[in-house]
Amino acid sequence: DQQVKQNSPSLSVQEGRISILNCDYTNSMFDYFLWYKKYPAEGPTFLISISSIKDKNEDGRFTVFLNKSAKHLSLHIVPSQPGDSAVYFCAASNNAGNMLTFGGGTRLMVKP
Amino acid sequence: ETGVTQSPTHLIKTRGQQVTLRCSSQSGHNTVSWYQQALGQGPQFIFQYYREEENGRGNFPPRFSGLQFPNYSSELNVNALELDDSALYLCASSLGTPPYEQYFGPGTRLTVT
């Protein structure tokens, strides 16, 4: 029973364009949602988070949107850069914060 | 500020053996979590420690156990290794406050033959 799903295993975009990564969840008890980026041979790196009481959070080129009614969140990267090429994971936490539930990841490739 | 470190980087063990993986938390973090990441999948939560006490556990059997020390470093022990235990083991530390972002080490690649 996957509580967090990333249905697109891969995404390819041109440098300078927008990258949109999607994530769906099933557990209504999740209170916080986080995005991580992972390069090969490194651990996941925290990018941005959003609380369930918000619908948008922005940090530089990264914006996360949350649609609670649809149980859907997305990460927008504008403009995309070749260095953004990595695997992106969405994760969710309940209010206790004692575990993160991860999706399966989406591999983003940004072409120069 | 020192990040999360893990040792060893790689490890090869035989089925039935026992293994201990180590993690040093990021400076100032009192909470440490362990995850197992199989190839092509997202990290799966094993357990979390807060101030030396287990603070949550995922769907892993009791042969996966852990410790947290007074300096907030941590160990993950796995007994009676099985072939399916082959994975990347990730340690993450955090402050344990919202939005509960965790900071990951580079991981230990465990291969069980």
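Residues numbered from 1 in each chain as written. Chains lettered and ligands numbered in written order. Predicted model: local features only at pLDDT ≥ 70, side-chain atom pairs only at ≥ 80, totals over all residues. Heavy atoms only, no water.

Moving on: the overall build of chain B. Within chain B, the secondary structure is distributed over zero helices and 11 strands. The helix and strand sequence of chain B, counted from the amino end, reads β-β-β-β-β-β-β-β-β-β-β. In summary, chain B has a C-alpha radius of gyration of 13 Å against a globular reference of 13 Å for 113 residues, a match within 12%. Its C-alpha atoms give chain B principal-axis dimensions of about 40 × 25 × 25 Å. Looking at chain B as a whole, 49% of its 113 residues qualify as buried. If you take every contact in chain B between residues at least 6 apart in sequence, the share linking residues at least 24 apart comes to 53%. For chain B, the accessible area works out to roughly 5400 Å², and carbon and sulfur atoms hold 47% of it. Measuring between centres, the 7 positive side-chain charges of chain B sit 8 Å from its 9 negative side-chain charges. (Helix = DSSP H or I, 4+ residues; strand = E, 2+ residues; numbered from the N terminus. Rg over C-alpha atoms; globule rule 2.2 N^0.38 Å. Buried < 20%, exposed > 50% of the residue type's maximum accessible area, 1.4 Å probe, protein only. Contact = heavy atoms within 4.5 Å. Areas by Shrake-Rupley, 256 points an atom, 1.4 Å probe, with all protein chains shown as cover. Lys, Arg positive; Asp, Glu negative; His and termini not counted. Charge placed at Lys NZ, Arg CZ, Asp CG, Glu CD.)

It is worth spelling out the overall build of chain A at this point. Counting its secondary structure elements, chain A contains zero helices and 11 strands. The order of helices and strands in chain A, counted from the N terminus, is β-β-β-β-β-β-β-β-β-β-β. Taken against the 2.2 N^0.38 rule, which gives 13 Å for 112 residues, the C-alpha radius of gyration of chain A at 13 Å falls within 12% of a compact globule. By principal-axis analysis of the C-alpha atoms, chain A measures approximately 40 × 30 × 20 Å. The buried share among the 112 residues of chain A stands at 46%. Residue pairs at least 24 apart in sequence account for 54% of intrachain contacts in chain A once pairs closer than 6 positions are excluded.

The next subject is the sheet that holds strand 8 (residues 72-77) of chain A. Overall, antiparallel pairing links the five strands, which are arranged 1-3-8-7-6 (chain A) in an open sheet. In the strand order of this sheet, the two ends are held by strand 1 (4-5) and strand 6 (56-59) of chain A, each with one partner. (Pairing = 2+ DSSP bridges.)

Okay, the sheet that holds strand 3 (residues 19-24) of chain B next. Residues and elements named next belong to chain B. The four strands are arranged 1-3-8-7 in an open sheet whose pairing can be described as antiparallel. Single-partner strands in this sheet number two, and they are strand 1 (5-7) and strand 7 (64-68). Averaged over all pairs of adjacent strands, the angle between their axes in this sheet comes to 20 degrees, without regard to strand direction. Pairing of strand 7 with strand 8 (residues 74-78) involves five bridges; the strand directions are antiparallel. Across the sheet, the residue bridging to Phe 64 is Val 78, located in strand 8. (Axes fitted to C-alpha atoms, helices over the stretch in contact; angles between N-to-C directions.)

Of the residues lining the interface, 21 residues belong to chain A; the matching set on chain B comes to 21 residues. Summing the contributions of chain A and of chain B, the shared interface buries around 1600 Å²; its carbon and sulfur component is 62%. At the boundary of chain A and chain B, one finds five residue pairs in polar contact (both at pLDDT 80 or more). If you list the elements that add at least two residues to the side of chain A that touches chain B, you get strand 4 (32-38), strand 5 (45-51) and strand 9 (86-93) of chain A. (Buried area = accessible area lost by both parts, 1.4 Å probe. Polar contact = N/O pair within 3.5 Å; in protein donor to acceptor, adjacent residues only side chain to side chain.)

Here we take up the nonpolar core. A:Phe33, A:Trp35, A:Leu73, A:Leu75 and A:Tyr88 are the most contacted members of the largest nonpolar core, which totals 23 residues. Elements represented by at least two residues in this core include exactly strand 3 (19-25), strand 4, strand 5, strand 7 (62-67), strand 8, strand 9 and strand 11 (106-111) of chain A. Tallying contributions element by element places strand 9 of chain A first for this core, with four residues. With residues near it in sequence (within four places) discarded, A:Phe33 still touches A:Tyr25, A:Ile48, A:Ser49, A:Ile50, A:Ser52, A:Leu66, A:Leu73, A:Ala91 and A:Ala92. B:Val4, B:Leu21, B:Val78 and B:Leu110 belong to the second-largest nonpolar core, a separate cluster that totals 19 residues. (Core = buried A, V, L, I, M, F, W, Y, C linked by side-chain atoms within 4.5 Å.)

Before going further, it helps to spend a moment on the pattern of salt bridges. Enumeration over the complete set of coordinates arrives at five salt bridges over all chains. A:Asp84 is paired through a salt bridge with A:Arg61; the nearest N and O atoms lie 2.8 Å apart. Separated by 23 residues along the polypeptide, A:Asp84 in the loop between strand 8 and strand 9 and A:Arg61 in the loop between strand 6 and strand 7 bring together distant segments of the chain. Put simply, B:Arg22 and B:Glu75 hold a salt bridge, and the shortest N to O gap is 3.5 Å. Of this pair, B:Arg22 sits in strand 3 while B:Glu75 is found in strand 8, placing the two residues 53 residues apart along the sequence. A relative accessible area of 42% places B:Arg22 in the partly exposed class. Connected through shared salt-bridge partners, B:Arg63, B:Glu82 and B:Asp85 make up one network. (Salt bridge = Lys/Arg side-chain N within 4 Å of Asp/Glu carboxyl O.)

Function-wise, these values are silent; they only describe arrangement.
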